[in-house]
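A structural walkthrough
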Amino acid sequence: MLSKEQLESYWRENRNLMVVVLLVWALVSYGAVLISGLLNKIVIFGFPLGYYMGSQGALVVFLLLIVFYAKSMDKIDKKYGVEEE
Amino acid sequence: MVDQSFVERLKKVYAIYTGGLIALLILLYIGEKLFNLSPTFIGYVFLFGTIAVYAAIGVISRTGKVAEYYVAGRRVPSVFNGMATAADWMSAASFIGMAGTLALQGYNGLAFIMGWTGGYVLLGVLIAPYLRKFGAYTIPDFLDARYGGKIPRFVGIIATLLVSFTYLVAQVTGVGIIASRLLGLPFEVGVFVGLVGILVCSFLGGMRAVTWTQVAQYIVLIIAYLIPVTVLSFKYTGNPISQISYGFALQGIDQRFAQLKDDPKEQEVREVHKKKAEDLKAKISGLPATWEEGRRKLEDQLASLPADDPKRAEIEKQLKEYPKSPEEAKSKWTEAMKKAQEASKPPKSYTTPPTDVKGMANFLALTLMLMLGTAGLPHVIMRFYTTPTVREARTSAGWALFFILLLYITAPAYAAFGRYEMLNLVGKAFSELPDWVQKWAKVNLITIKDLNGDGVVQFAEISIHPDMIVLATPEIAGLPYVIAGFVAAGGLAAALSTADGLLITISNAISHDLYYKIINPNLSPSTRVKIGKALLLVVALLGAYVASFRLAIIVELVAWAFSLAGASLFPALVLGVWDKRMNKYGAVAGILVGLGVTIAYLIASRFYGFEIFGIKPIASGIFGMPINFLVALIISRLTPPPPQQLQEFVDHIRYPKGAVKAGAEE
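Everything numeric in this text was worked out from a predicted model, so none of it was measured.

1. Some thoughts on the overall build of chain B
- Counting its secondary structure elements, chain B contains 28 helices and two strands.
- Relative to the 2.2 N^0.38 estimate, which gives 26 Å for 666 residues, the radius of gyration of chain B is 26 Å and therefore close to what a compact globule would have.
- Within the span of chain B, comprising 666 residues, buried residues form 58% of the whole.
- Sequence-distant contacts in chain B: of pairs separated by 6 or more residues, those separated by 24 or more amount to 84%.
- With the model as given, the accessible surface of chain B reaches about 26100 Å², and the carbon-plus-sulfur share is 64%.
- For chain B, the distance from the average site of its 62 positive side-chain charges to the average site of its 48 negative ones is 9 Å.

Structure follows, in structure tokens:
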């Protein structure tokens, strides 16, 4: 069983990771929307970047974020020995 | 542990199933080409064929065990739970409506694309793994265990029922509409067929049966969604991957819009719309006298015509559709006036974000509430109780989003192609419109009227229903009827799978949370399952009964469900995990105030024209949600901290070790 300090330190690592993930989450969605007028000036293969972010770009980043979080938590779980048997 | 041999067996079963599906498609295609099978026959094969398969899965998965019935024995591997969650989540609105909304609204429609996917990040990071560790059956279970007592549970039941029931009615309505379109059945018969379709999937096996049919339904809906747009993409660009090929259409649309802005013929038609809007405005301000007058005029006209005049039928129809009361006239005419006002404006650029502050605020608020609502919808969260481990709950959120993205990153391509094709109609003579226009005009999904009488189609003369885009793409792409029928089967699968998830969520909230946990805790496991099944039947019948009225408000209510869930359950769940100091006073007050504020703003803005910062009713949770968080935090700090054992409970759910194992329960 984990001691109180270990548990707190485990949770702190999880929380920091959560903050990073949600920061990127907010940037690619809300941040990109706010400057989408500017981004639209960049056109790649016919796609204005601002529109592209909202229609597909942000979505792909969402998926990568979940995968990144799951993988990172696996490592942290192992580090503290709290993974499932 | 994840049972690998079980995973292998599942893969084999669903691979065979997918192969069978494709074989059926090819067989029907050959039948259509060689033996001229009628569209109705093909429609029946799809309708009853797919429902029979779902029913077979439902029968095979029958169970009387509590853990199997409520959480599929917690045996669902993350990939399959991802597929089931995707089907559970994507309703008829995602499948049929979303691409059309995007086509009609341009950039503004992206709020739905981002909003309905971004919530999975919140689910996967903030909520799902911890609920799985806790390892109960429902959301109210969690609120009870975390906050202690019957009151948090009861508040959770109220929020669950409020959010889920309207959603269920909308899905049953969707099934009725699809069945009636696919086979030309009356709407009520369609609802009944849908009811049977929903019950066969859930009645015998509860969550276990729902899970395995949802996986099967996902496979149908995703293949059906991808075929038409892939062919259309190939036709336009030579590139079958529609998700990356539609850039040319985006460019084409905006170029065409820029040309049409100053076109004199377009301006002429816009003037017609403007005049119509002004006339309606005058009529509305003259109510109720104008309503009386309009009806009398029609009646006089009818009376003046001889009994065998062919014009009589037309006037009789108009009289039948005439508003029944001045109030109805007001709402009908206001709607028509808004539509005419909208049509009288020049087209906006398709890819440009809202340029005014209010438009931007609405866009951001709506996106946020859709995301938070997604992460707070009980029928979605429930699915994460079913994975074998906490680790799988985390990855399952990723798989769910992956399977959802297959459809969601395709929707913008559908939308752009659809819009592009509509613009191709502009400048054509009315006599040379393609066949599909005539066909869909018959069911009022597209209306083209020569408003300025020049015999040529102007953009402002075309009005389309959002559902048109996905439904008409097979014909626009020149595909055989088999594909159009299959698309309808896909829409049916989307509506049925969501309805199943909702049905079981609602019946569990009543049978497990209300009856067993609050009213009568002395029930044997087998009685609990029996009561659950009985309620499933009652709730399904009630849902179908309400759906049979076809209330116009239902579609709106579904959009509101996101604001309600995001402003009530989402904060209570997140704070329950991430704020150890949160107690029952804070959580309950937060939920109640959040719900109250959201409902008050909904009603005030929808029915009384009240607005703060131009926020529309659909995003009303943007007020209730922060107030919920704030009230919860303040009240919890003013009241005693949660007792020792609840604080230990929070510690316990924060790490994966020691979670309930798959198949370990009764």
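2. Things to note about the overall build of chain A
- Scanning chain A for helices and strands turns up three helices and two strands.
- When its helices and strands are written in sequence order, chain A yields α-α-β-β-α.
- Relative to a compact globule of 85 residues, whose C-alpha radius of gyration would be 12 Å, chain A shows 18 Å and is clearly more extended.
- Along the first, second and third principal axes, the C-alpha set of chain A runs to 55 × 25 × 15 Å.
- Expressed as a percentage of its 85 residues, the buried residues of chain A come to 52%.
- If you take every contact in chain A between residues at least 6 apart in sequence, the share linking residues at least 24 apart comes to 70%.
- Carbon together with sulfur atoms contributes 71% to the accessible area of chain A, which is approximately 4400 Å² in total.
- Here chain A holds 8 positive side-chain charges and 8 negative ones, and the gap between their average locations is 12 Å.

3. Comments concerning the nonpolar core
Residue and element names in this part refer to chain B.
- Formed by 238 residues in total, the largest nonpolar core has its most connected members in Trp89, Phe95, Leu126, Ile127, Phe142 and Tyr408.
- Once you skip the residues sitting within four places of it in the chain, Trp89 turns out to touch Trp116, Tyr120, Tyr167, Thr374, Leu377, Val380, Ile404, Tyr408, Thr498 and Phe562.
- One finds Trp291, Leu305, Ile315 and Trp333 within the second-largest nonpolar core, a separate group that totals 13 residues.

4. A closer look at the confidence of the model for chain B
- For chain B, the mean per-residue pLDDT works out to 89, and 100% of the residues sit at or above 70.
- No element of chain B has a lower mean pLDDT than helix 15 (residues 311–321) of chain B, which averages 83, and none a higher one than helix 27 (residues 621–638) of chain B, which averages 96.

5. Things to note about the interface of chain B and chain A
- Counting residues at the interface gives 54 residues for chain B, matched by 43 residues for chain A.
- Buried surface at the junction of chain B and chain A, both sides included, amounts to about 4300 Å², of which 70% is carbon and sulfur.
- Applying the counting rule to chain B against chain A returns three salt bridges.
- The salt bridge partner of Arg394(B) is Asp74(A), with a shortest N-O separation of 4.0 Å.
- The tally of links from chain B across to chain A stands at 15 residue pairs in polar contact (both at pLDDT 80 or more).
- Counting only elements with at least two residues in the side of chain B that touches chain A, the list comes to helix 6 (110–134), helix 11 (242–245), helix 12 (247–261), helix 17 (357–376), helix 19 (390–408) and helix 25 (553–578) of chain B.
- When residues of the side of chain B that touches chain A are assigned to their parent elements, the largest contribution, 12 residues, is made by helix 6 of chain B.
- A class-by-class count of the residues in the side of chain B that touches chain A yields 35 nonpolar, 13 polar and six charged.

6. A word on the packing of helix 7 (residues 139–147) of chain B against helix 25 of chain B
Residue and element names in this part refer to chain B.
- One way to put it is that helix 7 packs onto helix 25 with a least axis distance of 11 Å and a crossing angle of 45 degrees. Relative to helix 25, the element helix 7 is oriented oblique. In this structure, the crossing between helix 7 and helix 25 has a hand that is left-handed. Note on element contacts: helix 25 touches helix 7 through Leu569, Ala572, Leu573, Leu575, Gly576 and Val577, opposite Ile139, Phe142, Leu143, Arg146 and Tyr147.

7. Digging into a nonpolar patch on the surface
All names here are of chain B.
- Together, Ile22, Ile26, Tyr29, Ile30, Leu34 and Phe35 make up an exposed nonpolar region whose accessible area comes to about 620 Å².
- Turning to its location among the elements, Ile26 is positioned in helix 1 (residues 4–35).
- With a relative accessible area of 48%, Ile26 lands in the partly exposed category.

8. Here's the deal with the packing of aromatic side chains
All names here are of chain B.
- For the coordinates displayed, the defined rule picks out 44 aromatic pairs over all chains.
- Chaining the aromatic ring pairs together yields one cluster made of Trp89, Phe112, Trp116, Tyr120, Tyr167 and Phe562.
- Cation over ring: Lys283 sits above Trp333, and NZ or CZ is 4.3 Å from the ring centre.

9. Here we look at helix 14 (residues 289–304) of chain B
Residue and element names in this part refer to chain B.
- Relative to the 22 Å expected for 16 residues at 1.5 Å per residue, helix 14 spans 22 Å between its end C-alpha atoms, a close match to the ideal helical length.
- Residues of helix 14 that are buried include every one of Thr290, Trp291, Leu298 and Leu302, and no others. Seen end-on, helix 14 carries its buried residues on one side only, within an arc spanning 115 degrees. Away from its buried face by more than 90 degrees, helix 14 exposes Lys297, Ala303 and Ser304.
- Those residues of helix 14 that are buried are in contact with helix 13 (264–285), helix 15 and helix 16 (326–343).

10. Points about the pattern of salt bridges
- Tallied over the full model, the rule gives 20 salt bridges over all chains.
- Where Arg394(B) meets Asp77(A), a salt bridge forms, and the shortest distance between an N and an O atom there is 3.1 Å. Separated into two different chains, Arg394(B) in helix 19 and Asp77(A) in helix 3 (residues 49–80) make up a pair that spans both.
- One salt bridge in this structure joins Lys345(B) and Glu342(B), with 3.5 Å as the shortest N-O distance.
- Among the charged side chains, a salt-bridge network with shared partners connects Asp74(A), Asp77(A), Arg391(B) and Arg394(B).

11. Looking at the side chain of Arg74(B)
All names here are of chain B.
- With respect to the element layout, Arg74 can be found in the loop between helix 3 (66–71) and helix 4 (78–89).
- In terms of polar contacts, Arg74 uses its side chain to reach the backbone carbonyl oxygen of Gly135, at 2.6 Å.
- Within the local environment of Arg74, its side chain forms a polar contact with the backbone oxygen of Tyr385, the two atoms lying 3.0 Å apart.
- Non-local contacts of Arg74, meaning those with residues more than four positions away in its chain, are made with Arg132, Gly135, Ala136, Tyr137, Tyr385, Thr386, Thr387, Pro388, Val660, Ala662, Gly663 and Glu665.

12. Details of helix 17 of chain B
- An ideal rise of 1.5 Å per residue puts 28 Å on 20 residues; helix 17 of chain B measures up with 28 Å between its terminal C-alpha atoms.
- For helix 17 of chain B, the buried fraction is high: 17 of the 20 residues fall into the buried class.

13. Some remarks on the packing of helix 10 (residues 206–237) of chain B against helix 19 of chain B
Residues and elements named next belong to chain B.
- Running from amino to carboxyl end, helix 10 crosses helix 19 at an angle of 30 degrees, the nearest separation of the two axes being 9 Å. Relative to helix 19, the element helix 10 lies roughly parallel. Considering how the two elements wind past one another, helix 10 and helix 19 form a crossing that is left-handed. Contacts from Tyr218, Leu221, Ile222, Tyr225 and Leu226 in helix 10 reach Phe403, Leu406 and Leu407 in helix 19.
- The class makeup of the residues in the contact of helix 10 with helix 19 is eight nonpolar, no polar and no charged.

14. Topic: the side chain of Asp77(A)
- Judged by its relative accessible area of 3%, Asp77(A) is buried.
- With near-sequence residues (within four places) excluded, Asp77(A) lies in contact with Tyr10(A), Val82(A), Glu83(A), Arg394(B) and Pro656(B).

15. A few points about unusual backbone geometry
Residues and elements named next belong to chain B.
- Each neighbour pair has its own omega, and for Leu287 with Pro288 the value is 0 degrees, a cis peptide bond.
- Among the secondary structure elements, Pro288 is positioned in the loop between helix 13 and helix 14.
- Phi at Asn36 is positive, roughly 50 degrees, even though this residue is not glycine.

Cut-offs and rules
- Sequence order as written defines the numbering, with residues in each chain counted from 1.
- Key to labels: chains lettered from A, ligands numbered from 1, both in the order written.
- Note on the predicted model: pLDDT of at least 70 is required for a residue's local features to be given, and 80 or more for side-chain atom pairs to be given and counted; whole-chain, interface and lining totals, by contrast, use all residues.
- Hydrogen atoms and water are omitted, and side-chain values are computed over all heavy atoms in the structure.
- Runs of E in the DSSP output that reach at least two residues are strands. Runs of H or I that reach at least four are helices, and both are numbered from the N terminus.
- Atoms considered for the radius of gyration are the C-alpha atoms alone. The globule rule reads 2.2 Å times the number of residues to the power 0.38.
- Buried means the residue's accessible area, taken with a 1.4 Å probe over protein chains only, is under 20% of the maximum for its type, while exposed means over 50%, and partly exposed covers the values in between.
- Contact definition: two residues touch when any of their heavy atoms are within 4.5 Å.
- Only the protein chains shown count as covering a residue, and every accessible area follows the Shrake-Rupley method with a 1.4 Å probe.
- Just so you know, the count uses Lys and Arg for positive and Asp and Glu for negative, and it drops His and the chain ends.
- Lys charges are placed at NZ, Arg charges at CZ, Asp charges at CG and Glu charges at CD.
- In plain words, nonpolar cores are sets of buried Ala, Val, Leu, Ile, Met, Phe, Trp, Tyr and Cys residues tied together by side-chain atoms within 4.5 Å.
- Scored from 0 to 100, pLDDT reflects the predictor's confidence in each residue.
- Buried area: the sum, over both parts, of the accessible surface (1.4 Å probe) that disappears when the two are put together.
- Between Lys or Arg on one side and Asp or Glu on the other, a salt bridge is scored when a side-chain nitrogen of the former is within 4 Å of a carboxyl oxygen of the latter.
- Two N or O atoms count as a polar contact when they lie within 3.5 Å, although within protein this holds only if one can serve as hydrogen donor and the other as acceptor, and sequence-adjacent residues are included solely when both atoms are side-chain atoms.
- Any residue that is not Ala, Val, Leu, Ile, Met, Phe, Trp, Tyr, Cys, Pro, Asp, Glu, Lys or Arg is counted as polar, Gly included; the first ten are nonpolar and the last four charged.
- Every axis corresponds to a line fitted to the C-alpha atoms, with the helix fit spanning only the stretch in contact, and the corresponding angles, defined between N-to-C directions, vary from 0 to 180 degrees.
- For this classification, under 35 degrees means roughly parallel, over 145 means roughly antiparallel, 65 to 115 means roughly perpendicular, and everything else is oblique.
- Each crossing is labelled by how the near helix is turned from the far one, with a counterclockwise turn of less than a right angle marking it left-handed and a clockwise turn marking it right-handed.
- Excluding any residue in a salt bridge, patches collect residues exceeding 30% relative accessible area, merging like charges within 9 Å and nonpolar Val, Leu, Ile, Met, Phe, Trp and Tyr side chains within 5 Å.
- Each Phe, Tyr or Trp ring (for Trp, its six-membered ring) is paired with any other whose centre lies within 6.5 Å, and the angle between the two planes then decides the class: stacked below 30 degrees, edge-to-face above 60, tilted in between.
- Definition used: whenever NZ (Lys) or CZ (Arg) falls within 6 Å of the ring centre and also within 35 degrees of the ring normal, the charge is taken to sit over that ring.
- Multiplying one less than the number of residues by 1.5 Å gives the expected span of a helix.
- Starting at the helix axis, one direction is taken to each C-beta atom, and the arc is that of these directions.

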